[in-house]
Amino acid sequence: FVTAGLLITMALLLCGCSIIYTAYDQVLPDTLTRGIITDNVYSSDYAGLSFTAPEGWTFTTDEELAALMDMSVDALSDAGMEFSEDALKKQVLYDMQATDANTGANVLLLYDNLALTGTTGLSEAKYLETTIKQLKDADVYEYSFGEITETQLCGQSYQMFKADMTDYGVSQYYYARKVGKYMLCIIISLSSSGDVSTITNCFAEYEAAPTDTAQSS
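Residues numbered from 1 in each chain as written. Predicted model: local features only at pLDDT ≥ 70, side-chain atom pairs only at ≥ 80, totals over all residues. Heavy atoms only, no water.

### Quick look at the packing of aromatic side chains
In this structure the tally under the stated criterion is ten aromatic pairs. Each ring, one from Phe-51 and one from Phe-203, has its centre 4.8 Å from the other, and the planes form 50°; the classification is tilted. Taken together, the positions of Phe-51 in strand 3 (residues 49-52) and Phe-203 in strand 12 (residues 203-205) put the pair 152 residues apart, joining distant regions of the chain. One aromatic cluster in this structure is built from Phe-51, Trp-57, Phe-59 and Phe-203. (Phe/Tyr/Trp six-rings, centres within 6.5 Å; stacked < 30°, edge-to-face > 60°. Helix = DSSP H or I, 4+ residues; strand = E, 2+ residues; numbered from the N terminus.)

See below:
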């Protein structure tokens, strides 16, 4: 089983993200806000979802998230606050990553700022088509790609596809939903013999988290 770090690196290098307006009467903030981690639960008003980390999973620290965005942790806003001015200049913003150190399974949630590339009119399906092309063109791993289909997650409609890394026995599931000017992307990686529903069932519709709890670090 390829390591979680390798999978995440591939996901970060080869996948982006972007947003469409949510369907559950959510009123989006004017600017993108960070999610909040309370104990083992990540919740995001902006994304309209929460994720409860299974037993044995850990969340990536703010220092590690900042490193993924090539910025200092001091430039990263506190949990629940708007992303900093420096962060908003980045095309891809990482807000949550959780990993099972025992199996290598992991979840990554990120936003792709479509406005920076002038592609705010891009649909989720077209966005994922581009992601598949990037993975193919990179020619680093041998992938087998499933069809792009619509699915429900946290009470919202997402476009998704499955990519199997056949040489490593690993499957990755890419979910995309437009929210405002961003593409919200969720990438789940696990053993090909694993059941992705054990991870998707950890997601739920957003419920307000305590406002005075900072993101784990």
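### A short note on the sheet that holds strand 1 (residues 36-38)
Across a sheet, strands are paired by hydrogen bonds formed along the backbone, either parallel or antiparallel in direction. Pairing is antiparallel across the open sheet formed by four strands, whose spatial order is 1-2-3-12. Of all strands in the sheet, those bounded by a partner on one side alone are strand 1 and strand 12. Looking at each pair of strands side by side, their axes are set apart by 25° on average, direction ignored. Here three bridges tie strand 1 to strand 2 (residues 41-44), and the two strands are oriented antiparallel to one another. Following the sheet pairing, Ile-37 is matched in strand 2 by Tyr-42. (Pairing = 2+ DSSP bridges. Axes fitted to C-alpha atoms, helices over the stretch in contact; angles between N-to-C directions.)

### Here's the deal with the pairing of strand 10 (residues 170-179)
Summarising burial for strand 10: ten of the ten residues are buried, a large majority. Every second residue of strand 10 is oriented toward a common face, with Val-170, Gln-172, Tyr-174, Ala-176 and Lys-178 on one face and Ser-171, Tyr-173, Tyr-175, Arg-177 and Val-179 on the other, all of them buried. When strand 9 (residues 156-165) meets strand 10, the two strands line up antiparallel, connected through seven bridges. Along strand 10, the bridge assignment pairs Ala-163 with Gln-172. Bridge count for strand 10 against strand 11 (residues 182-191) is ten bridges, and the pairing is antiparallel. Pairing of Lys-178 across the sheet is with Met-183, part of strand 11. Between strand 10 and strand 11, which pair antiparallel in sequence order, lie two residues; one of them, Gly-180, sits at a positive phi of approximately 60°. (Buried < 20%, exposed > 50% of the residue type's maximum accessible area, 1.4 Å probe, protein only.)

### As for the pattern of salt bridges
According to the stated counting rule, one finds five salt bridges in the structure shown. Note that Lys-126 is salt-bridged to Glu-129, the shortest N-O span being 3.5 Å. With Lys-126 and Glu-129 both in helix 3 (residues 124-138) and three residues apart, this pair spans about one turn of that helix. Here the residues in one salt-bridge network are Arg-34, Asp-62 and Asp-95, joined through shared partners. (Salt bridge = Lys/Arg side-chain N within 4 Å of Asp/Glu carboxyl O.)

### Remarks on the nonpolar core
Core analysis: the largest hydrophobic core is formed by 61 residues, its most contacted members being Leu-49, Phe-51, Ile-186 and Ile-188. Every residue in contact with Leu-49, bar those within four places of it in the chain, is listed here: Tyr-42, Ser-43, Ser-44, Leu-109, Cys-154, Tyr-158, Leu-184, Ile-186, Phe-203, Ala-204, Glu-205 and Tyr-206. (Core = buried A, V, L, I, M, F, W, Y, C linked by side-chain atoms within 4.5 Å. Contact = heavy atoms within 4.5 Å.)

### Description of the pairing of strand 2
Once strand 1 ends, the chain turns through two residues before running back antiparallel as strand 2, passing Asp-39 with a positive phi of about 55°. Pairing of strand 2 with strand 3 involves four bridges; the strand directions are antiparallel. When the sheet's bridge partners are listed, Ser-44 is paired in strand 3 with Leu-49. Two successive antiparallel strands, strand 2 and strand 3, enclose a turn made up of four residues, where Gly-48 displays a positive phi of approximately 70°.

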